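So you can see what is in the structure, the chains are spelled out below.
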Amino acid sequence: MLATSPIRRLASAALVALGTLAAPALAFEPEATECIAPANPGGGWDFTCRQVGKTLQDLGLIPGTMQVTNIAGGGGGVAFAEVVNKRGAENGLIVAASTATATRLAQGAYPGNTMDQVRWIGAVGADYGIVAVAKSSEINTLPELMDRIKADPRSISIAGGSAVGGWDHLKVLIAADKAGIEDLRTIKYVAFDGGGEAVTQLLAGSVQAFTGDASEAKGFVDSGDIKVIAVLAPERLEGDFGAFPTAREQGIDAIGANWRGFYAPGGMSDEAHAYWVERVATVYASPEWKAVMAQNGLAPLDLSGDAFRAFVADSIASIAEISREIGLIK
Amino acid sequence: MDALASLADGFAVALTWQNLLLALVGCFLGTVMGALPGLGPSNGVAILIPLAFTLGLGPTEAMILLTSVYYGAMYGGRISSILLNIPGDEPALMTTLDGYPMAQQGRAGEALALSGVASFVGAFLATWGLVFLAPQLVKVALLFGPAEYFALFVLAFATLGGIASRNQAKAAFAAALGLGIAMVGVDGQTGVPRFAFGEVHLYDGIDFLVAIVGLFALSEVFIFLEHRGEDTVEGHASKVGIGRVIPSGRLLARCTPTMLRTSLIGFVAGVLPGAGASLGSFLAYSMEKKLVDREGTFGKGDPRGVAAPEAGNNAAAGGALVPMLALGVPGSGTTAVLLAMLLALNITPGPLLFTQNPDVVWGLIAALFIGNLMLLAMNIPMVGMFVRVLLVPPRILMPIVAMVSFVGIYGISGSTFDLLVMVVFGVLGWVLRKLDVPLVPVILGVLLGNLMEANLRRAMTISDGEWSALVASPLAIGLWTVSIVGFVLPILFGRVLRARMGRRKDEEGAVSD
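Please read these numbers as outputs of a predicted model, since none were measured by experiment.

Draft legend 1. Up close: the overall build of chain A. Along its length, chain A carries 11 helices and 10 strands. Each of the 330 residues in chain A was classed as buried or not, and the buried ones make up 55%. In chain A, once contacts between residues fewer than 6 apart in sequence are set aside, the share between residues at least 24 apart is 80%.

Laid out in structure tokens, this is it:
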């Protein structure tokens, strides 16, 4: 590997110069790093891979550039199976994950796959869900939207970027459940290929509402083309999104937090796992990452290593419970 | 003329030595990547993203490099289409229909030069469209809901009968086969795998590139193997000449209306986020054939059949930048990668991009003009070099084609499974060629099938299964009308025409008796 060795040497030199590393962490150094975004470019997982990859590179925490591979399909199931079945022992690989990953694992939608087949690295923040309508819509609050669904479920179509049964769908159902809608199956949810396409269809007037994550809607919120009627967070978000009320303020106690983080192949060595846990935690703590979070409406969520693993396990258990409650799984 | 003033500022940004050099490098790499079967614009751009990061380029410089690669690849795709009947990437698919017959008639140089000019015209007009119309055009994209997209795909299939084959039934069979292949994989609307047979690699569906390279490139190799040692193949190839490398003024004049019309069609298809460059070049070709092909020369080496798809797909490439910049919604695989690049550079594309980052937008647009001129200047002299590929005897050329196919596909996915799929498609392509079934509709079915299905099902969900929703808007009705007219007219008129010609023959026969 003539081509990579000078870069690696440079990178390790930079790391030593930074002096932030304990000696054992240097025991592992990946030759090349890759981040799999289990969806097409432009969505949340892609954003996670690219932004974290760029920050890792800017801070000199990895050798060279992190390659981002988009493996779309099956709500992340294709990538999960790929990592479990084919790339189970790679040490230079991490995969973007989020609540959507936990949702699918909880509902058994990755056939034959469980969370124990991979190693969990850490979280880099949480993206709270939003419900939005077009600028010109007569609907101004979440209770108004819910009342219309109650009155005539057929009159409201809600677009989201995830498949039916996915997290974007589930968020609406959670809110509707809390708003007292009896038969959740009457709610019309239309699945698009990613949040960008879903927002476009809201602007086009094909659908009446949009559900997604704050970061997906940022560009359209700034321009005033869409109206955020509720943020599914416990408290108001900081920054630009602080202007929008939470669902809780409006009397609907629904919270939809889409955490963002990473998992790695199940056969990754302990040294490599420690390396990635440490690197991702370093990114999370950096001022550069704080700026990215602020710019994109990400709220803090500081979890790594075992704590993150336990959090994902809890998250899966509670989503399984909600899914059972609303009849998505038996 | 705000736009012109901004454009002048853009040229000030783009006209630095560094940016010109980046554009030149991008154009060259793009052309080469586009010409290689398997490597298309989206992989080309994706491959160069790490380079942009490593060089520490700013947002404007990085976008100049990557969009030059994008435009370059759109130019380059035609080269192998014309010379080898193997599309370099999916938008160049339609160029094989008349480009390869032209090459077989010894007019390869002319076809390459003409397609270079057509590419330039399409891209040039589209870039002007981007300058003046981007904000307004976004509104066009917003007219398209799921029902309208579905009607648009129906239009594409309705005009399919006209292309690629004398035998309509075989073309229809090929399209149905393509649609069937498109159904393989996880269903986005429910997350349930279909026809995947528990094979996880099929969950993602069949990659177009794998299908194209298998069907076109490998089957060509198989045909050669079948005929090994026979004089026909060798003799046939050595007879093919280069022809003139500069198209005559008369030819250009004859193709000019075609280029203008198809640039418009391509540009509009590019602007629609759900359509893309492949649909642009396809509609450009089939519409143009319906409009001007009175002598039935399309598909047999008509220069207009080369100019149409090339102007169309390059205009679509420019059009696809409209929704990407103005909405933050990618209209094609390549713009999706460019979008991701912008996001990684902390620039949020969207309605405010033109006001918040004018230097990036206008620098980029100016770079497109510059890159386009460079590509024209680079491509015309290179025609003489490219056509020499034809002088390589098949016994040397074919193994190279096979090698490039395998390396290209493995290079994209790193998956040996894809290589097996490619070989299966190669065998399928060989069988279909034996049966004289056209290959182009197969690829169109694969390319458009998924999108068509997803939009139909979205429309049905929104309307509670009410089929009338498909014709609820004036735009949808218009698209359906064009589809039906485009489908029915050739059948009716074809019959009348054939009957009349038959009668005339009878009469002539009667007279000579």
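Draft legend 2. Inspection of the nonpolar core at higher detail. Within the largest apolar cluster, 273 residues are counted, with the highest numbers of intra-cluster contacts made by Val95 and Ala175 of chain A together with Leu66 and Ile443 of chain B. Top element by residues in this core is helix α6 (residues 108-141) of chain B. It accounts for 17 residues. Three or more residues apiece are contributed to this core by two domains, here domain 1 (31-125 + 259-325) and domain 2 (128-257) of chain A. Sequence-distant contacts of Ile443 of chain B, defined by excluding residues within four places in its chain, comprise Leu93, Gly178, Phe208, Ala211, Ile212 and Leu215 of chain B.

Draft legend 3. Geometry of the packing of helix α2 (residues 17-35) of chain B against helix α4 (residues 59-84) of chain B. Residues and elements named next belong to chain B. Relative orientation of the contacting elements α2 and α4 amounts to 30 degrees, with a least axis distance of 6 Å. Between α2 and α4, the interaxial angle falls into the category roughly parallel. Between α2 and α4 lies a crossing whose hand is right-handed. Taken together, the residues of the contact of α2 with α4 break down into 17 nonpolar, 11 polar and one charged.

Draft legend 4. Region of the structure containing the confidence of the model for chain B. Residues and elements named next belong to chain B. The share of residues in chain B with pLDDT of 70 or more is 85%, and the mean pLDDT across the chain is 79. Considering each helix and strand of chain B separately, the mean pLDDT is smallest for helix α10 (residues 231-239), with a value of 45, and largest for helix α19 (residues 416-434), with 90. With pLDDT under 50 throughout, residues 231-239 is counted as low confidence; its partners more than four residues away or in other chains account for eight contacts. As a predicted assembly, this complex carries a pTM of 0.75 together with an ipTM value of 0.71.

Draft legend 5. Spatial organisation of the domain arrangement of chain A. Residue and element names in this part refer to chain A. One can read the domain layout of chain A as domain 1 (31-125 + 259-325) and domain 2 (128-257). Relative placement of domain 1 and domain 2: their C-alpha centres are 25 Å apart. Taken residue by residue, the interface counts 19 residues in domain 1 and 23 residues in domain 2. Among the secondary structure elements, those contributing two or more residues to the side of domain 1 that touches domain 2 are α2 (44-58), α4 (99-106) and β10 (298-299). Class assignment of the residues belonging to the side of domain 1 that touches domain 2 gives a composition of nine nonpolar, 10 polar and no charged.

Rules used throughout
- Residues numbered from 1 in each chain as written.
- Chains lettered and ligands numbered in written order.
- Predicted model: local features only at pLDDT ≥ 70, side-chain atom pairs only at ≥ 80, totals over all residues.
- Helix = DSSP H or I, 4+ residues; strand = E, 2+ residues; numbered from the N terminus.
- Buried ≥ 20, exposed ≤ 12 C-beta atoms within 10 Å, placed from the backbone.
- Contact = placed C-beta atoms within 7 Å.
- Core = buried A, V, L, I, M, F, W, Y, C linked by C-beta atoms within 7 Å.
- Domains from an automatic or database assignment.
- Axes fitted to C-alpha atoms, helices over the stretch in contact; angles between N-to-C directions.
- Parallel < 35°, antiparallel > 145°, perpendicular 65-115°, else oblique.
- Left-handed = near helix turned anticlockwise from the far one by under 90°.
- Nonpolar A, V, L, I, M, F, W, Y, C, P; charged D, E, K, R; others polar.
- pLDDT = per-residue confidence, 0-100.

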